[in-house]
Amino acid sequence: MNVLVLNCGSSSAKFAVINPVSGQEAVSGIAQRLGSKHASLDWKRNGSKESRPIPGAHHEEALRAVVALLHELGLADDLVGIGHRVVHGGSKFSGSMKITPEVVAMVEACIPLGPLHNPPNLLGIKVAQELFPTMLQVGVFDTAFHQTMPPVAYTYPVPHEWLEAHGVRRYGFHGTSHRFVARHALTLTGLPADDHAIVTAHLGNGCSCTAVRNGRSVDTTMGLTPLEGVMMGTRSGSVDPAIIGHVSTALKRSAQDVLDVLNKKSGLLGVSGLSNDMRTVEEAAAAGNARASLALDIFCYVLAKAIAGLVVPLGRLDALAFTGGIGENSVTVRARTVELLGFLGLTLDPALNAVHGRGQHGRITTGMRPQALVVPTNEELMIAMDTADIAQSAS
Ligand code: ADP
């Protein structure tokens, strides 16, 4: 019993065939550089990597190539469903949903909120429906986990009509990862399912933190879009919105241009002037590069402030879970962030911090409560599990 997980972005389509019970991946891969003559289908199976050129392929041809590959590998016949990652579900989805024409229309209605992501997500759904007309298709939304936030957490202090007429509110993202990691942290810590206060820190190219009280998101750092919150690889995170007016006047550029810079040329890249990649920034900082050092300092400082801020809705902190490429691998970022949060009762265990991550999970502080820990995320598995749950309840 397997689930095909699809994540269609603007120029790529990631896929994986996963057993939702064992978590085992039969194959995973990516069709990338879509629309260009260098488009390729790359996949990993049983630890070995292969690649096939699909020159000029767009999403439709790429997904056909994926399906042909699944047939070749004998993986197309025991699928129980297809799980699609959908980025923006607005306020319309508070959980994963079987895809019906009504659900497609609701995802279409969320396009103004997720103009870059929802159209390729919808395209993936449409093509998968054509290729597998009788198969269960499920939408798993990045925003859904955060629909439990109370109005005090999701309402911006702006004219209320903006919320009512234009949906201006905090939605939050990375929900599939925060949900998976909070669940796994609960198992690792042995905290009671009906009484826990966890902050999950998803630190990848995009970064966000979520306050999870008894399995429910009660607040999160990303907002209307994934630009808000902590510092990221190329995104600034929260800044004074008046910067947009100021810089657009100073540089004689449109507000949209400045917003593009805040999304694509800020964060670690903007401050260091070197790279959006934490490994490069850490190496340069260690070699004495002052701007890389400053970028790393700001990253950890802003992150620690955000985590501390999320203790307000929780009322206390039982566990802080690090995940994502940086959270799982950067010994430095974890150490510095935990040290900045010492006043909450977290004390780093440097030996545990050095061994955890790199595929291992577990506690990196000396105390049991509160404790900080590393929890590898697996959004694809969460999507596969949701799809299998819906398949089971439908049968
Ligand atoms: P995405 O959000 O695109 O899925 P990832 O979760 O893979 O990205 O995270 C990418 C980030 O993880 C990059 O900034 C990368 O430098 C960082 N990273 C990966 N390995 C390490 C490492 N060993 N030390 C520090 N940072 C790392």
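Nothing here was measured: the structure is a model prediction, and the numbers come from that model. (Residues numbered from 1 in each chain as written. Predicted model: local features only at pLDDT ≥ 70, side-chain atom pairs only at ≥ 80, totals over all residues. Heavy atoms only, no water.)

J.: Hey, could you run me through the side chain of Thr 200 in this one?
T.: Along the chain, the position of Thr 200 falls in strand β9 (residues 197-203). The exposure class of Thr 200 is buried, given its relative accessible area of 0%. At 2.8 Å, the side chain of Thr 200 forms a polar contact with the side chain of His 178. The residues contacting Thr 200, other than those within four sequence positions of it, are His 178, Val 181, Ala 182, Ser 208, Cys 209, Thr 210, Val 212 and Ala 321. (Helix = DSSP H or I, 4+ residues; strand = E, 2+ residues; numbered from the N terminus. Buried < 20%, exposed > 50% of the residue type's maximum accessible area, 1.4 Å probe, protein only. Polar contact = N/O pair within 3.5 Å; in protein donor to acceptor, adjacent residues only side chain to side chain. Contact = heavy atoms within 4.5 Å.)

J.: Teacher, can you tell me more about the sheet that holds strand β8 (residues 137-141) here?
T.: Strand-to-strand pairing in sheets goes through backbone hydrogen bonds, with the strands running parallel or antiparallel. With mixed pairing, eight strands are arranged side by side in an open sheet as β5-β4-β3-β2-β1-β6-β8-β7. The two strands at the open ends of the sheet, each matched to only one other strand, are β5 (48-53) and β7 (97-98). Bridge count between strand β1 (residues 2-8) and strand β6 (residues 79-86): five bridges; the pairing is parallel. Bridge assignment links Leu 4 to a residue of β6, and that residue is Ile 82. Relative to the sheet, helix α3 (residues 118-131) contacts β1, β6 and β8, its axis offset from that of β6 by approximately 165 degrees. (Pairing = 2+ DSSP bridges. Axes fitted to C-alpha atoms, helices over the stretch in contact; angles between N-to-C directions.)

J.: What exactly am I supposed to notice about the domain arrangement of the protein chain here?
T.: When the parts of a complex come together, some accessible area is lost, and that lost area is often used as the size of the interface. One can read the domain layout of the protein chain as domain 1 (2-141) and domain 2 (192-379). Distance between the C-alpha centres of domain 1 and domain 2: 28 Å. (Domains from an automatic or database assignment.)

J.: What exactly am I supposed to notice about the sheet that holds strand β12 (residues 319-323) here?
T.: The sheet built from six strands is open, its strands ordered β11-β10-β9-β12-β14-β13 with mixed pairing. Of all strands in the sheet, those with a lone pairing partner are β11 (216-220) and β13 (362-363), marking the two edges. Taken strand by strand, helix α6 (residues 175-189) contacts β9, β10 (207-213), β12 and β14 (371-374), and its axis lies near 130 degrees from that of β9. Contacting β9, β10, β11 and β12, helix α11 (residues 290-314) runs over the sheet at an angle of about 20 degrees to β10.

J.: I keep staring at the site of the ligand and nothing clicks. Help me out?
T.: By nearness alone, 13 residues border the ligand, and Asn 205, Asp 277, Met 278, Arg 279 and Gly 325 come closest of all. Within the contact set of the ligand, an oxygen atom lies 2.8 Å away from a side-chain nitrogen or oxygen of Asn 205. A distance of 2.9 Å separates an oxygen atom of the ligand from a polar atom in the backbone of Gly 325. Starting from 580 Å² of accessible surface for the ligand in isolation, the protein chains cover 69%. Mapped by element, the contributors of at least two residues to the shell around the ligand are α10 (278-286) and α12 (324-329). Looking at the shell around the ligand element by element, the count peaks at four residues for α12. Grouping the amino acids of the shell around the ligand by side-chain chemistry returns two nonpolar, eight polar and three charged. (Near = heavy atom within 4 Å. Areas by Shrake-Rupley, 256 points an atom, 1.4 Å probe, with all protein chains shown as cover. Nonpolar A, V, L, I, M, F, W, Y, C, P; charged D, E, K, R; others polar.)

J.: What exactly am I supposed to notice about the pairing of β10 here?
T.: Regular strands show a simple pattern: their side chains alternate between the two faces of the sheet. Most of β10 sits inside the fold, with six of its seven residues counted as buried. Pairing analysis gives seven bridges linking β9 to β10, with the strands arranged antiparallel. Counted as the bridge partner of Ala 197 is Arg 213 from β10. The hairpin turn running from β9 into β10, its antiparallel successor, is three residues long.

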